[in-house]
Amino acid sequence: LDLSRHARPLDVPLLGSDPAGPCWRVRRLRLLSQVPVALEEIWFDASASPKLQPEELGDSMYLFYQQRFQVWIARVEDQIAVGPAPDWAAPPSGLQPGAIAGYIERTSWTASNQVAEFSKTWFDPAVCRYTSRMSQ
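Within any chain, residue numbers begin from 1 and follow the written order of that chain's sequence. Selection of residues for local features in this predicted model requires a pLDDT of at least 70, selection of side-chain atom pairs for listing and counting requires 80 or more, and totals for whole chains, interfaces and linings are taken over all residues. The basis for the side-chain values is all heavy atoms of the structure; hydrogens and waters are excluded.

Asks: What am I meant to see in the pairing of strand β2 (residues 23–32) here?
Replies: Look at any regular strand and the pattern is simple: side chains alternate between the two faces of the sheet. Should DSSP find at least two bridges between two strands, the strands are taken to pair. Numbering of helices and strands starts at the N terminus; helices are DSSP runs of H or I of at least 4 residues and strands are runs of E of at least 2. The pairing of strand β1 (residues 2–6) with β2 spans five bridges and is antiparallel. What sits directly across from Arg5, in β2, is Trp24. Between the end of β2 and the start of strand β3 (residues 35–45), which pair antiparallel, lie two residues, with Ser33 showing a positive phi angle near 50 degrees.

Asks: Before we go on, may I ask you to explain the environment of Ser17 in this structure?
Replies: Tracing the chain through its elements places Ser17 in the loop between β1 and β2. Distance in space between the C-alpha atoms of Ser17 and Ala48 is 8.8 Å, their sequence separation being 31 residues. Ser17 has contacts with Asp45, Ser47 and Gln114, leaving out every residue within four places of it along the chain. We call two residues in contact when some of their heavy atoms are within 4.5 Å.

Asks: What should I look at first to understand the layout of surface pockets in this one?
Replies: Empty pockets left among the atoms are what a rolling probe the size of a water molecule brings to light. Its boundaries defined by the atoms lining it, the largest pocket holds a volume of some 950 Å³. Only β2, β3, α1 (61–69), β4 (73–84), β5 (100–110) and β6 (115–123) provide two or more residues apiece to the lining of the largest pocket. Note that Gly is not counted as nonpolar here; it falls among the polar residues with everything else outside the nonpolar set of Ala, Val, Leu, Ile, Met, Phe, Trp, Tyr, Cys and Pro and the charged set of Asp, Glu, Lys and Arg. Among the residues forming the lining of the largest pocket, the class breakdown is 15 nonpolar, eight polar and nine charged. Of the grid points, spaced at 1 Å and generated over the protein atoms alone, those admitting a 1.4 Å probe that cannot get out make up cavities, while open sets with protein on both sides within 12 Å along at least five of seven lines make up pockets; any residue with an atom within 4 Å of a point is treated as lining. Grid points are joined across faces, edges and corners, and a volume is the space filled by probe spheres set on the points. The volume enclosed by the second largest pocket comes to roughly 250 Å³. In terms of lining residues, the second largest pocket is bounded by 13 residues, among which Arg28, Leu29, Arg30, Gly58 and Asp59 are the most central. Secondary structure elements with two or more residues in the lining of the second largest pocket: β1 and β2. If you tally residues by element for the lining of the second largest pocket, the top one is β2, at six residues. Grouping the amino acids of the lining of the second largest pocket by side-chain chemistry returns seven nonpolar, one polar and five charged.

Asks: For this particular structure, what's the right way to read the environment of Ala81?
Replies: Mapped onto the elements of the fold, Ala81 is located in strand β4. Relative accessibility under 20% of the residue-type maximum defines a buried residue, over 50% an exposed one, and the middle range a partly exposed one, all with a 1.4 Å probe and only protein chains included. Using a relative accessible area of 41% as the deciding quantity, one classes Ala81 as partly exposed. The spacing of Ala81 and Val115 is 34 residues in sequence and 21 Å in space, taken between C-alpha atoms. When residues no more than four places from it in sequence are discounted, the contact partners of Ala81 are Ala101, Gly102 and Tyr103.

Asks: Help me understand the packing of aromatic side chains in this model?
Replies: Both the distance between ring centres and the angle between the ring planes are used here to describe each pair of aromatic rings. Only the six-membered ring of Trp is used, alongside the rings of Phe and Tyr, when aromatic pairs are assigned; centres must lie within 6.5 Å, and planes under 30 degrees apart are stacked while those over 60 apart are edge-to-face, with the rest tilted. Inspection of every chain in the model, using the stated rule, returns eight aromatic pairs. Residues Phe44 and Phe69 carry aromatic rings whose centres are separated by 6.2 Å and whose planes lie at 50 degrees to one another, so their mutual orientation is tilted. Within this pair, whereas Phe44 is found in strand β3, its partner Phe69 is found in helix α1, the two being separated by 25 residues in sequence. Classification of Phe44 by relative accessible area gives buried; the value is 2%. Its relative accessible area of 17% is what places Phe69 among the buried residues. A network of ring pairs unites the aromatic residues Phe44, Tyr62, Phe64, Tyr65 and Phe69 as a single cluster. Here Arg5 stacks its cationic end above the ring of Trp24, 5.9 Å away from the centre of that ring. A ring has a charge above it when a Lys NZ or an Arg CZ is no more than 6 Å from the ring centre and no more than 35 degrees off the ring normal.

Set out below in structure tokens:
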């Protein structure tokens, strides 16, 4: 839905090698069997890539980090709750801005214990269930 470069918001943890530097923000609609199920907002360090196009990302952000930056995600922490859908929610997501939705915040670390990514995901629990899998 959107790829843009921003200063790191206060609610996003320090990211990458330049914690005071800019971040990339990715907003995307996730599908399961072609059905819209979730909205994602992903933040990662922009210092290693001052320019980026949406088609460079692909479906797997972790694969993108490996191939583009030689960064491997070693562990993640998910915090799951409910909360209001973001103000940028719109069809075909199935979520309306401010409507209560399933909500996940994920922090992802490298093997050297550096935060590589922070993401927020909103989903409709009537349409899907959250499942987290990570393997090496």
